[in-house]
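# Architecture and fold: a report
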There are 4 protein chains.
Amino acid sequence: MLKVGIIGASGYTGAELARILATHPKVKLTVATSRQYAGQKLSDVFPSLYKRVDLVCENLAVEELASRADFFFTAVPHKTAMGIVPQLLAAGKKVVDLSADYRIRDQKVYEKWYQSHSSPELLKEAVYGLPELYREEIKGARLVANPGCYPTSVILALNPILRAGLIEAGTIVIDSKSGASGAGRSASVANLYCELADSFRAYKVGGKHRHIPEIEQELSLAAGGPVRVTFTPHLLPISRGILSTIYATLTPEGAKADLFALYNKTYKKEPFVRILEPGKQPATQNVRGSNCCDIGFERDRRTGRLVLTSVIDNIGKGASGQAVQNMNLMQGFAEKAGLAGTAFFP
Amino acid sequence: MLKVGIIGASGYTGAELARILATHPKVKLTVATSRQYAGQKLSDVFPSLYKRVDLVCENLAVEELASRADFFFTAVPHKTAMGIVPQLLAAGKKVVDLSADYRIRDQKVYEKWYQSHSSPELLKEAVYGLPELYREEIKGARLVANPGCYPTSVILALNPILRAGLIEAGTIVIDSKSGASGAGRSASVANLYCELADSFRAYKVGGKHRHIPEIEQELSLAAGGPVRVTFTPHLLPISRGILSTIYATLTPEGAKADLFALYNKTYKKEPFVRILEPGKQPATQNVRGSNCCDIGFERDRRTGRLVLTSVIDNIGKGASGQAVQNMNLMQGFAEKAGLAGTAFFP
Amino acid sequence: MLKVGIIGASGYTGAELARILATHPKVKLTVATSRQYAGQKLSDVFPSLYKRVDLVCENLAVEELASRADFFFTAVPHKTAMGIVPQLLAAGKKVVDLSADYRIRDQKVYEKWYQSHSSPELLKEAVYGLPELYREEIKGARLVANPGCYPTSVILALNPILRAGLIEAGTIVIDSKSGASGAGRSASVANLYCELADSFRAYKVGGKHRHIPEIEQELSLAAGGPVRVTFTPHLLPISRGILSTIYATLTPEGAKADLFALYNKTYKKEPFVRILEPGKQPATQNVRGSNCCDIGFERDRRTGRLVLTSVIDNIGKGASGQAVQNMNLMQGFAEKAGLAGTAFFP
Amino acid sequence: MLKVGIIGASGYTGAELARILATHPKVKLTVATSRQYAGQKLSDVFPSLYKRVDLVCENLAVEELASRADFFFTAVPHKTAMGIVPQLLAAGKKVVDLSADYRIRDQKVYEKWYQSHSSPELLKEAVYGLPELYREEIKGARLVANPGCYPTSVILALNPILRAGLIEAGTIVIDSKSGASGAGRSASVANLYCELADSFRAYKVGGKHRHIPEIEQELSLAAGGPVRVTFTPHLLPISRGILSTIYATLTPEGAKADLFALYNKTYKKEPFVRILEPGKQPATQNVRGSNCCDIGFERDRRTGRLVLTSVIDNIGKGASGQAVQNMNLMQGFAEKAGLAGTAFFP
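Residues numbered from 1 in each chain as written. Chains lettered and ligands numbered in written order. Predicted model: local features only at pLDDT ≥ 70, side-chain atom pairs only at ≥ 80, totals over all residues. Heavy atoms only, no water.

Once that is clear, we can look at the interface of chain A and chain B. Contacts between chain A and chain B engage 53 residues on the former and 53 residues on the latter. Taking both sides of the interface into account, the surface hidden between chain A and chain B amounts to around 4100 Å²; carbon and sulfur atoms contribute 50%. At the surface where chain A touches chain B, the tally comes to 8 salt bridges. Of the charged contacts, one joins Arg288 of chain B and Asp198 of chain A as a salt bridge, the two residues approaching to 2.7 Å between their closest N and O atoms. Our count for the chain A to chain B interface comes out at 34 residue pairs in polar contact (both at pLDDT 80 or more). Looking at the side of chain A that touches chain B, the elements with two or more residues in it are strand E7 (173-178), helix H9 (193-196), strand E8 (201-202), helix H10 (211-223), strand E9 (230-235), strand E10 (242-249), strand E12 (293-300) and strand E13 (305-312) of chain A. For the side of chain A that touches chain B, the class distribution of residues is 23 nonpolar, 15 polar and 15 charged. (Contact = heavy atoms within 4.5 Å. Buried area = accessible area lost by both parts, 1.4 Å probe. Salt bridge = Lys/Arg side-chain N within 4 Å of Asp/Glu carboxyl O. Polar contact = N/O pair within 3.5 Å; in protein donor to acceptor, adjacent residues only side chain to side chain. Helix = DSSP H or I, 4+ residues; strand = E, 2+ residues; numbered from the N terminus. Nonpolar A, V, L, I, M, F, W, Y, C, P; charged D, E, K, R; others polar.)

Right, here's the structure in full:
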């Protein structure tokens, strides 16, 4: 059994990692850290884990951590992650980092959207952890930068059509909606039940969300040239789930292409990407608690636009599920190990 | 007191009409019809009205109805409405029709999206009941076609900027999200609690929703030329509320314009349109139960697009509230009569 | 117009007071205090009030407050209230206190459940603000102690049958369920959307909730002797609403009595208490946003128990609505002024 | 691999069975029936199963069914079940029946609460499928009557203390709250999203719910004498989950007993019953999607009552999860096979 540690176990992605790892056939969760809850049982922080995960949250220095596990998930905020990851690597550990710190390949871009980077040398080594695009690189990586939730839903939907050159890249508009777990588990008035329930709003409107450079980086690689997008995130009154509705103008060739065939072929062997049959639309409910990404699409023949819809569970395929998928690849485990569960409905 | 009737009182818009009229200072609700619930008290259908509205649902021929009230709200499905409205007008009554039957000015367009029209002569007479655009015409109307919910949210947001010619009309993308009351009160599996709660999906993707011709009719009038839009509706797990996120490329002039000033000036005297201060974003929660439309906007300077966000209560300003506002204008009542209530929060 | 102030305007009960007062025909809201949001517009704290309530939150000493209004609602936590109320009274103001500080008549009981009382002399003067029980006393009061939310739902349901002596007082079990607004608007992990949505739990189980002495005080007065109850509060994933399910063994006389007649007679003239017809059950949805209390009941003939069910909006009749009703009585306004609105549905 | 069939696969319990069986290591789902959806893929009925369960719904006679699988779950309404189960048994199949048809041992009681029974001879053979009480009998059974959802939550909570004789059996009051999936997946106005969301109500108040005889049957066996309870079900605005709050007066001995020790000892080896530590309370969220039952308790020393709180997922341990647990026992599989998953949170 691989000994695994979660650094930053008391957030929602930490809870989901613990849930998945609790029944993973190849790993043993041996250490969980949390500054805030140090000394408390993890199952006191998350009572769903009672009698399922028997660990006490600890607040450990990286050196101590290194002796406790061989593989780490860093589920801490950006900036905090880059203070930990280099030491873990230096100690010979493998890491899936769920923060944004190693997702952006270009240090300047990272520093423009975030802050200065303290281990830029690792940006080249880190592999962007979207298995559908970088499976082979992930298999050989020491450090995988687990993608952001919005980018996962967007890149999986746009990559095939951008590669095929069937849309005009300058016309992409992305309207994304996320469940509240994406906002994290910190005490705040803005995320109280009464502030979100029975409501809906946009936020960071006008090109301000930090997932934009990550989205554009990967879309540009797919398109073979710079791509800029308008991206608007919204906050849904649900706990788990992202739906991205993506608009782009089809090229004349794209207007005639068999898009279902294109997508089906691209993702045929993927265990976690499901291309919906023409006429069907995805719903967040159908991927909740799973590692699936469901993609639907329609042409708007009146306006010549393609409308892609893509759903994931933001803390599943959008965070912890994908992180475990990456670990499976890095360790040579079966890719679906621990992730075979079907979405629960209702 | 004006004697008022609701035809089709057992749906959600009927319930909201009854709620508003119950405390309206100038009217008395004298008749409510429902085929399905004929013979039952309206307060048995909607227990919130118990001891507040004392009427029994009836199933009456139009001739009988005409003797019972002087003003009618027809809250029945399209096609049904056009079987009732001409007779009510012939009997000398005034009507606000909440169906789609008299919203589309061009018979051909109506018949393309709906079905054949049995009283096309009234299409010319009917006034599109958006007071912010057609206040004077409404005041003199016998028949007001109450706008659709999505169109209300979209037209109020886009009209000022289209009139000013500051966006490229061919670039408009509308991503709308509606609460479940918009789906009506018929028994169906698709709208069960368990099918919608904790979920989110798009529907009628690809230019199929019947509100499109209505939106395009009014946007084209504002732009002074034909406008086509891509419009995608989504279903939110909330009861009341619509948020439309609207994208369009700014003209060079638009990129420099003071949009806040433009919108503020346009809607300065409007009692129900609230232009949010720069940097603020609307939420459905802030208009729930009210007749308000809140509009926010941001420029995405990276891509040159404008992003408008507009919220209404879909059965308030999007249906019954607006219907009462229209009645107030048609009858010479204070425009805010019965509609002064502030949104309830939380 | 009566000049009215809200002390502690930034909580949910403050928001609801502002909402109700915004359309109250006899009052003008002239001052709103908040330590946390001092200097911010109240409509920035609660955007639903934008262009409806034009006040800036202030942090004022009581002396300053006294010059700004003639009637005050103290919507601050217990203990804080008793530091303000005596000064307001001394300045000749009338006060409805929404805290628990003046609800308990017996200083010892208060001090056992809360903490030491700094103005015990006012306990005798303060009137318990349940108009259905103490209407005449409220009319003449300077200081009204607005009842707790749970107690309101419980006392209105049990008072008639206890007065009639038809249940065995020692057998009362109260199982209450409250919406999340009852937990207040402070930043906390426990009340985040993700912690409450799609979940349900009990809290303060086993006779620990501070509303118990208040409930027992009033039930004992009704019964003419000491009454002890088992009371269990629960947290519902809704914003507004309390439902109390109340169990008690009927006396032999009670088993034969016409309870519907008893309740109907008791509350016949009450504007805000609605006794449901036999066979009907109340729902929180039917009182949401209103000042109503709906009461249903059934006998369990197999076990000889009465089952009462009582619903209110916890920040309506359970807090701010009732506070305005009390103000109306204290000022000689129409009792329904500002409170005529019917519950919104859906 | 055991070939398994689901009869009545298109309801919520059918969906949950399919979800669990999809990853069960010892079985293969070979047939799924549905009258309403015959001819449609099960994954069209439940898109969460897309590319996970590859079956078409069929409408088959029992004889045909018998050739398709060796083990059956009957997830059809009561009365329908008794028309199918005897034939399946006659064909040599084993059956877990999720309906009420074989839960009540006394034919007269069954017929009083339901309707006449067409295979009363099987009532004696059928084993009540609560493994914590009847594990050995289940192992040898051909026909297991899967318990009702409410009874599961109640019986697991009350059985240890009734057996120990520490409460007065005549004082039991059960206040239960269930999520909406318990109401099934039929089209109905009462269960529409807008009718349940942001609301709460009781139903079948006063000793009318059909789970009462089932509860009383098992409690009476535990107590060693007839037990009658007052039971009130309520409808929660959540999809999954039941919380039962149970009140009973402690005997003098019970008042002194170490209840935590008693419960802990009783359920020590149970894989799915979790006794919470003193001071902790269960939440439906912590068992959602799992097969767990969490039990908490407090004494109300002021009134001498015990307050038990018990949560399950109503379609997990309350239906389909428990059905699979029973199958595991009947087939000699590991009891946790397919059921090891931890509740998802949030």
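Here we take up the domain arrangement of chain A. Put simply, an interface is often sized by how much accessible area is lost when its parts join up. All names here are of chain A. Along its sequence, chain A is organised into domain 1 (2-125) and domain 2 (150-314). Inter-centroid distance (C-alpha atoms) of domain 1 to domain 2 is 27 Å. Each partner contributes residues to the interface: domain 1 has 16 residues there, and domain 2 has 16 residues. Carbon and sulfur atoms make up 48% of the surface buried where domain 1 meets domain 2, a total of about 1300 Å² over both sides. Considering only the surface of domain 1 that becomes buried against domain 2, Tyr12, Arg103 and Trp113 emerge as the three largest contributors, covering 46% of it. Looking at the side of domain 1 that touches domain 2, the elements that each hand over two or more residues are helix H1 (12-22) and helix H5 (107-113). It is H1 that provides the largest number of residues to the side of domain 1 that touches domain 2, a total of 3 residues. When grouped by side-chain class, the residues that make up the side of domain 1 that touches domain 2 number 8 nonpolar, 3 polar and 5 charged. (Domains from an automatic or database assignment.)

All right, on to the packing of aromatic side chains then. Within the structure shown, the criterion is met by 34 aromatic pairs over all chains. Among the aromatic residues, those joined into a cluster by ring pairs are Tyr12 and Phe46 of chain A together with Phe345 of chain D. (Phe/Tyr/Trp six-rings, centres within 6.5 Å; stacked < 30°, edge-to-face > 60°.)

The residue Thr342 of chain A is located in the segment after helix H13 (316-331) in this model. If we skip the residues at most four places from it in the chain, Thr342 of chain A touches Ser290 of chain A together with Arg19, Ala22, Ser48, Leu49 and Arg52 of chain D.

What follows is about the interface of chain C and chain B. Tallying the contact residues gives 39 residues for chain C and 39 residues for chain B. Across the pair Asp44 of chain B and Lys280 of chain C runs a salt bridge whose closest N-O atoms are separated by 2.4 Å. For the side of chain C that touches chain B, the secondary-structure elements that each account for two or more residues are helix H1 (12-22) and strand E11 (273-275) of chain C. If one sorts the elements of the side of chain C that touches chain B by residue count, H1 of chain C sits on top with 5 residues.

With that settled, the discussion passes to the relation of the copies chain A and chain B. Once chain A is rotated about the relating axis by 180° and shifted along it by 0.0 Å, it coincides with chain B to within an RMSD of 0.0 Å. Accordingly, the operation relating the two chain copies is best matched by a two-fold axis. A high fraction, 100%, of the interface residues of chain A reappear at the interface in chain B, so the copies pair face to face through one surface. (Least-squares fit on C-alpha atoms with pLDDT ≥ 70 in both.)

All right, on to helix H12 (residues 259-267) of chain D then. Residues and elements named next belong to chain D. Taken together, the buried positions of H12 are Leu259, Tyr263 and Tyr267. End-on view of H12: buried residues confined to an arc of 45°, all on one side of the axis. Residues of H12 that are buried in the fold lie against helix H7 (131-139), helix H8 (149-163), helix H11 (252-256), strand E11 (273-275), strand E12 (293-300) and strand E13 (305-312). With a side-chain oxygen lying 3.3 Å from the backbone nitrogen of Phe260, the N-terminal cap of H12 falls on Asp258. (Buried < 20%, exposed > 50% of the residue type's maximum accessible area, 1.4 Å probe, protein only. Arc of directions from axis to C-beta.)

All names here are of chain A. Taking burial as the measure, the 6 residues of E9 include 6 buried ones, the bulk of the element. Where E7 meets E9, 6 bridges bridge the pair, whose relative direction is parallel. Across the sheet, Ser178 pairs through a bridge with Leu235, a residue of E9. Sheet topology note: the E8/E9 ladder contains 2 bridges and is antiparallel. Each bridged residue has a counterpart across the sheet, and for Ala202 the counterpart in E9 is His234. (Pairing = 2+ DSSP bridges.)

Residues and elements named next belong to chain A. The 6 strands are arranged E2-E1-E3-E4-E6-E5 in an open sheet whose pairing can be described as parallel. Single-partner strands in this sheet number two, and they are strand E2 (27-33) and strand E5 (127-128). Pairing analysis gives 4 bridges linking strand E3 (residues 71-74) to strand E4 (residues 94-97), with the strands arranged parallel. Note that in E4 the partner of Thr74 across the bridge is Asp97. Against the sheet, H1 makes contact with strand E1 (2-7), E2 and E3, and its axis sits at roughly 165° relative to E1, the strand it touches most. (Axes fitted to C-alpha atoms, helices over the stretch in contact; angles between N-to-C directions.)

Before going further, it helps to spend a moment on the sheet that holds strand E9 (residues 230-235) of chain D. Residues and elements named next belong to chain D. A sheet is described by the order of its strands in space; here 7 strands give the open sequence E8-E9-E7-E10-E13-E12-E11, paired in mixed fashion. Bordering the open sheet on either side are strand E8 (201-202) and E11, each of which pairs with just one other strand. As defined by bridge partners, E11 adjoins E12 across 3 bridges and the pair is classed as parallel. Opposite Ile275, over in E12, you have Ile295 as the bridge partner.

Residues and elements named next belong to chain B. Extensive coverage of strand E10 (residues 242-249) is indicated by the burial of 7 of its 8 residues. Pairing of strand E7 (residues 173-178) with E10 involves 6 bridges; the strand directions are antiparallel. Residue pairing in the sheet places Val173 in a bridge with Tyr247 of E10. Bridging between E10 and strand E13 (residues 305-312) involves 8 bridges; their strand directions are antiparallel. Residue pairing for E13: Tyr247 is matched across the bridge by Val307.

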